[in-house]
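Spelled out, the chains give:
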Amino acid sequence: MRIQFQLNGRTVEPEIRPDQTLLSLLRDTLGMIGVKEGCSIGECGTCSVLVNDELRKSCIMLAAQVNGCKVVTIEGIALEDGSPNDLQQAFIDHGSIQCGFCTPGMVIASEALLIHNPSPTRDQIRDAIAGNLCRCTGYQQIIGAIEET
């Protein structure tokens, strides 16, 4: 079946299988390798994307569900010239990137928070990133980066 949606600001019309996950479509078909596969059960958050400005875990979402939607991956939030946006730069400045595996999903979760709440409290930040696991940073650098943005 063929679907149509906006991916990082451009219209795409991929052919999909009825059982294909959004993660598989994004990574394997459309080349969005910043979307990582971690647990495949929606627990770790490495596959996080924005669908109509809402945080979604692409490993547990069917590709068909984004028909007619706006999807943003980590590749789509940088500035037009490819340089990091303010949030990405804050992650860099705060040392929030260590092994880097969780980083795309963590940035996307943070972006979703800031879309809906531009001045979150520390508790709101913790709640917003709770669905994203990081084994390297201890979360304090990540929270600091989000607070700064």
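Given the structure is predicted, the values throughout are model-derived calculations rather than measurements. (Residues numbered from 1 in each chain as written. Predicted model: local features only at pLDDT ≥ 70, side-chain atom pairs only at ≥ 80, totals over all residues. Heavy atoms only, no water.)

## A few points about the overall build of the protein chain
Per the secondary structure count, the protein chain includes five helices and five strands. What you see in the protein chain, going N to C, is helices and strands ordered as β-β-α-β-β-β-α-α-α-α. Relative to the 2.2 N^0.38 estimate, which gives 15 Å for 149 residues, the radius of gyration of the protein chain is 15 Å and therefore close to what a compact globule would have. Referenced to the eigenvectors of the C-alpha coordinate spread, the extents of the protein chain come out at roughly 45 × 30 × 25 Å. Treating the 11 positive side-chain charges of the protein chain as one cloud and the 18 negative ones as another, the clouds have centres 6 Å apart. (Helix = DSSP H or I, 4+ residues; strand = E, 2+ residues; numbered from the N terminus. Rg over C-alpha atoms; globule rule 2.2 N^0.38 Å. Lys, Arg positive; Asp, Glu negative; His and termini not counted. Charge placed at Lys NZ, Arg CZ, Asp CG, Glu CD.)

## Describing the side chain of Asn 132
Within the secondary structure, Asn 132 sits in the loop between helix H4 (122–129) and helix H5 (140–148). For Asn 132, a relative accessible area of 2% translates into the label buried. A distance of 3.1 Å separates a polar atom in the side chain of Asn 132 from the backbone oxygen of Gly 105. Leave out the neighbours within four places in its chain, and Asn 132 touches Cys 44, Gly 45, Ser 48, Gly 105, Met 106, Ala 109 and Tyr 139. (Buried < 20%, exposed > 50% of the residue type's maximum accessible area, 1.4 Å probe, protein only. Polar contact = N/O pair within 3.5 Å; in protein donor to acceptor, adjacent residues only side chain to side chain. Contact = heavy atoms within 4.5 Å.)

## Considerations on the pattern of salt bridges
Within this structure, the stated rule accounts for five salt bridges. Across the pair Asp 123 and Arg 126 runs a salt bridge whose closest N-O atoms are separated by 3.1 Å. Of this pair, Asp 123 and Arg 126 both sit in helix H4, three residues apart, which is roughly one turn of that helix. Here Arg 126 falls in the partly exposed class, since its relative accessible area comes to 36%. (Salt bridge = Lys/Arg side-chain N within 4 Å of Asp/Glu carboxyl O.)

## Brief notes about the packing of helix H3 (residues 103–116) against H4
Packing of H3 against H4 leaves a shortest axis separation of 9 Å and a crossing angle of 130 degrees. The orientation of H3 with respect to H4, classified from their angle, is oblique. Crossing angle aside, the handedness with which H3 passes H4 is right-handed. Contact with H3, carried on its side by Met 106, Ala 109, Ser 110 and Leu 113, involves Gln 124, Ile 125, Ala 128 and Ile 129 of H4 and no other residues of that element. For the contact of H3 with H4, a count of residues per class yields six nonpolar, two polar and no charged. (Axes fitted to C-alpha atoms, helices over the stretch in contact; angles between N-to-C directions. Parallel < 35°, antiparallel > 145°, perpendicular 65-115°, else oblique. Left-handed = near helix turned anticlockwise from the far one by under 90°. Nonpolar A, V, L, I, M, F, W, Y, C, P; charged D, E, K, R; others polar.)

## Looking at the sheet that holds strand E5 (residues 70–72)
Strand order in this open sheet of five strands is E2-E1-E5-E3-E4, and the pairing throughout is mixed. If you trace the sheet from one side to the other, it starts and ends with strand E2 (10–12) and strand E4 (54–57), each paired once. Put simply, the sheet's adjacent strands are angled 35 degrees from each other on average, direction ignored. Sitting on the sheet, helix H1 (residues 22–29) is in contact with strand E1 (5–7), strand E3 (48–51) and E5, with an inclination near 105 degrees to E3. Running at roughly 30 degrees to E3, H3 makes contact with E3, E4 and E5 of the sheet. (Pairing = 2+ DSSP bridges.)

## Digging into the packing of helix H2 (residues 86–93) against H3
Contact geometry of H2 with H3 gives a least axis separation of 10 Å together with a crossing angle of 130 degrees. On the basis of the axis angle, H2 is oblique to H3. The handedness of the crossing between H2 and H3 comes out as right-handed. For the pair H2 and H3, contact is made by Leu 87, Gln 88 and Phe 91 and by Thr 103, Met 106, Val 107, Ser 110, Glu 111 and Leu 114, respectively. Classifying every residue of the contact of H2 with H3 gives five nonpolar, three polar and one charged.

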